[in-house]
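# Coordinate inspection notes
Here's the letter readout for the chains.
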Amino acid sequence: MQDDTRRGLYNTPKEIAEAVVFALPAILFLVCFLLIPIVGTFVSSFYRDVSYLPREFIFFENFRRIATDSTYWRSVYFTVLFVACSVAIEMVIGIIFSLIMHEAFPGRGILRGIILVPWAIPVAVSARVWELIYNFHYGLANYIVTALGIAGSPINWFGNSVGAFFALVITDVWKTAPFVAIIILTGLQAIPEDLYAQAKVDGTQFMQRFWKITLPLLKPVIVVALLFRTIDALRVFDLVYVLTKGGPGGSTTSVSLYAFKTFVAGDFGYGSAISVTLFIIAWLFSILYIKSSRFLEEVK
Amino acid sequence: MKEERIKRVLLIVGIVLTVSFCLLPFIYMVMVSFAKNADFLSLSSRYVFTVNNYKEVLFNANLHFLDYLKNSAIVSVVSAGVAVLLGSLAAFSITRLPLPFKGLVLFVTLSMSMFPQVSLVGFLFSFMTKLGWINTYLALIFPYIAWVLPLSLWILVSYFASIPRDIDKQAFIDGCSSWQILFKVIWPLARPGIFSTFLLAFIFSFNEFMFALLFTTDHRTRTVPVGIALFQGLHGEIPWGTIMAAATVSTLPIIVLVLVFQRNIIQGLTRGAVKG
């Protein structure tokens, strides 16, 4: 890009103006519907802003309320546990899927298409399918669990917090492990074949080659997938809203869902404060993500 | 030799497990959608085939399913189309023109794509209420364009940057304006990239849930994900057959799209999510 004669020190104001004109519509959309709302949410978080009452500046009062709000901390606890469990399992299954997809076999293209299907359809729709799958009396999950003898009696998935938690984790893994696999596959494709050929000559076993060659070389792309999934799982909303509605007894209410419910209840100030805490955590992870994904190298 | 054989068996087992893991819920969904009773897996019941669920979904106007489908189609096609158009203008500016602070623009845009939706939704709701846009297509299309723009911009920047600069330099020397270079030179060359971007932007808009949940109030603008999520029976019992028929009809186009264009989608995804 550096050698481009139309860039650099000798740009006329007219050329710069043209560049701005091209970028402006997109920037305006981003500013109006992403940047201003975020700033607005930060501002709101310093106000008492409840429906039908006058807005009042209360500085850090909302955040002080958060510090002692057990419902909030419970949602944090659930969210952290959900992120840890689902992302960990997704990474393992995603790596296995990517190893399979990397092999040459007839119908590989079809398999890559099939693997995208759970990822591509709306969460709200697949969550309804899973709601039926987890049905206590006649759902597929209990049919499989009892037929295979994993559990002696049917599991009451939504009746207790542990069942509901695992129902959410399983569904999330089903939806996003394929996505992880696609990302990791790009890393696998970048590993030169002759590294393996040499290792084969040296007589190393398949598993040894995986631990000694594949995994270390995949590390950067695994980190990227891990961070991306962490950011995404931190803001989990659709899945819990549809599948468990945050229950039973609020045990699966994510931070997103808690903030959303607070908004719907008409408390914009407090809802904003809750979502600001989530925003800050997610934003810190996204800085790490951008750094590790080497995105910006492209334009330098 | 022995290792090769073990590997082959493992591969076949892996493929079978992968396919069933991904597709079992869909097979179940389709089976329930054609079943008279959704409880056919229990011992006291058996499978009875019927198409009544589909008749219900497609012809019972009170369910408004076709309205949801129409709303979703309009909102996602318009949002994805505008996002790709604006994204390619901006990507052209970033890769070809002397845009000031382009690194900063890209950095901010990328970090925007990771905003939790819930930290936007409260402000946007008040904003839409003030504009009187609640329960109109505009209340969805405008936020959706912004929502899918960061990803679109990133994929397009990556594609545009891979087109050799000599080509458009030649067009510039021949007296083409920037607009002509973008639409007559870059667009035709980047067609696969533009198509991938459109597909992904379409899928993301089609799947969006939280904004649609809050900014729509009835069948005039409600989209498929919200319609199906809020679908409850009238008499207490959840009409699983009808819901699964609706889910099948609305996911079928996406499934076909994904199977046919998996190469484009994977390319777009990997360009949008990972570099290098």
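Every chain's residues receive numbers from 1 upward, in the order its sequence appears when written. For this description, chains carry letters from A and ligands carry numbers from 1, given in the order in which they are written. Per-residue local features of the predicted model are confined to residues with pLDDT of at least 70, and side-chain atom pairs are confined, for both listing and counting, to 80 or more; whole-chain, interface and lining totals are unaffected and use all residues.

## Section: the overall build of chain A
- Helix and strand assignments follow DSSP, with helices taken as H or I runs no shorter than four residues and strands as E runs no shorter than two, numbered in order from the N terminus. Per the secondary structure count, chain A includes 12 helices and 2 strands.
- Reading the helices (α) and strands (β) of chain A from amino to carboxyl end gives α-β-β-α-α-α-α-α-α-α-α-α-α-α.
- Its C-alpha atoms give chain A a radius of gyration of 24 Å, clearly above 19 Å, the size a compact globule of 300 residues would have.
- C-alpha extents for chain A along the principal axes are approximately 75 × 75 × 30 Å.
- In this scheme the burial state of a residue depends on its C-beta neighbours within 10 Å: 20 or more other such atoms mean buried, 12 or fewer mean exposed, and anything in between means partly exposed; the C-beta positions come from the backbone. For chain A, buried positions account for 45% of its 300 residues.
- Placing C-beta atoms from the backbone, we regard two residues as in contact once those atoms come within 7 Å. Put simply, 69% of the contacts in chain A that link residues at least 6 apart link residues at least 24 apart. Using C-alpha atoms as the atom set, the radius of gyration is obtained and then compared with a globule rule of 2.2 Å times the number of residues to the power 0.38.

## Remarks on the overall build of chain B
- Within chain B, the secondary structure is distributed over 13 helices and 0 strands.
- The order of α-helices and β-strands along chain B, N terminus first, is α-α-α-α-α-α-α-α-α-α-α-α-α.
- Dimensions along the principal axes, computed over C-alpha positions, put chain B at roughly 75 × 70 × 30 Å.
- For chain B, the residues scored as buried account for 50% of the 276 residues in total.
- Nonlocal contacts in chain B, meaning residues at least 24 apart in sequence, comprise 76% of its contacts between residues at least 6 apart.

## Thoughts on the confidence of the model for chain B
- Chain-level statistics for chain B give a pLDDT mean of 90 and a share of 97% at 70 or above.
- This complex was scored by the predictor with a pTM of 0.92 and an ipTM of 0.91. In predicted models, pLDDT denotes the confidence assigned by the predictor to each residue on a 0 to 100 scale.

## Digging into the packing of helix α1 (residues 13-44) of chain A against helix α12 (residues 268-292) of chain A
Residue and element names in this part refer to chain A.
- Between N-to-C directions, angles span 0 to 180 degrees; the directions come from axes that are lines fitted to C-alpha atoms, helices contributing only their stretch in contact. The interhelical angle for the contact between α1 and α12, taken along N-to-C directions, is 120 degrees, at an axis separation of 7 Å. Judged by the inter-axis angle, α1 sits oblique to α12. Helix-helix and strand crossings are classified by hand; for α1 and α12 the assignment is left-handed. Within the contact between the two elements, α1 uses I38, T41, F42 and S44 and α12 uses F268, G269, S272, S275, V276 and F279.
- Broken down by class, the residue content of the contact of α1 with α12 amounts to 5 nonpolar, 5 polar and no charged. Comment on the angle field: the value is read as roughly parallel under 35 degrees, roughly antiparallel over 145, roughly perpendicular from 65 to 115, and oblique elsewhere. Rotating anticlockwise by less than a right angle from the far helix to the near helix defines a left-handed crossing, while the corresponding clockwise rotation defines a right-handed one. Charged means Asp, Glu, Lys or Arg here, nonpolar means Ala, Val, Leu, Ile, Met, Phe, Trp, Tyr, Cys or Pro, and polar covers whatever is left, Gly included.

## Topic: helix α4 (residues 108-120) of chain A
Residues and elements named next belong to chain A.
- To estimate the expected span of a helix, count its residues, drop one, and scale the result by 1.5 Å. In this model α4 runs 19 Å from its N-terminal to its C-terminal C-alpha over 13 residues, within 8% of the 18 Å that 1.5 Å per residue would give.
- Taking burial as the measure, the 13 residues of α4 include 10 buried ones, the bulk of the element.
- Taken residue by residue, α4 has L111, R112, G113, I114, I115, L116, V117, P118, W119 and A120 as its buried positions.

## Section: the domain arrangement of chain A
- An automatic or database domain assignment is the source of the domain bounds shown. For chain A, the assigned domains are domain 1 (1-40) and domain 2 (69-299).
- Each of domain 1 of chain A and domain 2 of chain A was reduced to a C-alpha centroid, and the two centroids are 36 Å apart.

## Considerations on the interface of chain B and chain A
- Listed per partner, the contact involves 91 residues of chain B and 88 residues of chain A.
- Among the elements that make up the side of chain B that touches chain A, the one with the highest residue count is helix α1 (residues 2-33) of chain B (15 residues).
- Looking at side-chain class alone, the side of chain B that touches chain A contains 66 nonpolar, 19 polar and 6 charged residues.

## Focus on the nonpolar core
- Core membership is restricted to buried Ala, Val, Leu, Ile, Met, Phe, Trp, Tyr and Cys residues, and these are joined into a nonpolar core through C-beta atoms within 7 Å. Ranked by size, the top nonpolar core spans 173 residues in total, and within it A26(A), I145(B) and L149(B) carry the most contacts.
- Per-element accounting of this core gives the leading share, 18 residues, to helix α6 (residues 137-161) of chain B.
- When residues of this core are assigned to domains, at least three fall in each of domain 1 (1-40) and domain 2 (69-299) of chain A.
- Setting aside residues up to four positions removed in sequence, A26(A) forms contacts with L86(B), G87(B), L89(B), A90(B), L149(B) and L153(B).

## What about the environment of G149(A)?
All names here are of chain A.
- Along the chain, G149 falls in the loop between α6 (140-147) and α7 (161-189).
- Judged by C-beta crowding, with 7 C-beta atoms within 10 Å, G149 ranks as exposed.
- Between the alpha carbons of G149 and F97 there is a distance of 26 Å; along the sequence they are 52 residues apart.

## Some remarks on the environment of T171(A)
All names here are of chain A.
- The residue T171 is located in helix α7 in this model.
- Distance from T171 to L243, taken between C-alpha atoms, is 9.4 Å for residues 72 residues apart in sequence.
- Discounting chain neighbours no more than four positions away, the residues touching T171 are A127, W130, L239 and L243.

## A short note on α1(B)
All names here are of chain B.
- In a regular helix each residue adds 1.5 Å, so 32 residues correspond to 46 Å; α1 covers 46 Å between its end C-alpha atoms and thus fits that length.
- One axis fitted to the seven residues ending at a residue, another fitted to the seven starting there: the angle between these axes is the bend at that residue. Of all the bends in α1, the largest measures some 45 degrees and sits at L23, one to four residues before the proline P25.
- Those residues of α1 that fall on the buried side of the exposure criterion are T18, C22, P25, F26, Y28, M29, V32 and S33.

## So, unusual backbone geometry
- In the segment running from G247(A) into P248(A), the intervening peptide bond is cis, with an omega of 0 degrees.
- The residue P248(A) is located in the loop between α10 (238-243) and α11 (255-264) in this model.
- Backbone geometry at K245(A) places phi at a positive 55 degrees, although glycine is not the residue there.
- Its location among the elements puts K245(A) in the loop between α10 and α11.
- The phi angle at N135(B) is positive, at roughly 65 degrees, despite the residue not being glycine.

## Observations regarding the packing of α12(A) against helix α4 (residues 102-112) of chain B
- Packing of α12(A) against α4(B) leaves a shortest axis separation of 10 Å and a crossing angle of 130 degrees. The orientation of α12(A) relative to α4(B) falls into the category oblique. Between α12(A) and α4(B) the crossing geometry is right-handed. Taken together, the residues of α4(B) that come into contact with α12(A) (itself represented by W283(A), S286(A), I287(A) and I290(A)) are F107(B), L110(B) and S111(B).

## Concerning the confidence of the model for chain A
- When pLDDT is averaged along chain A, the result is 88; 94% of the residues meet or exceed 70.
- Note on residues 1-8 of chain A: pLDDT under 50 across the span, and 6 contacts to partners over four residues away in sequence or across chains.

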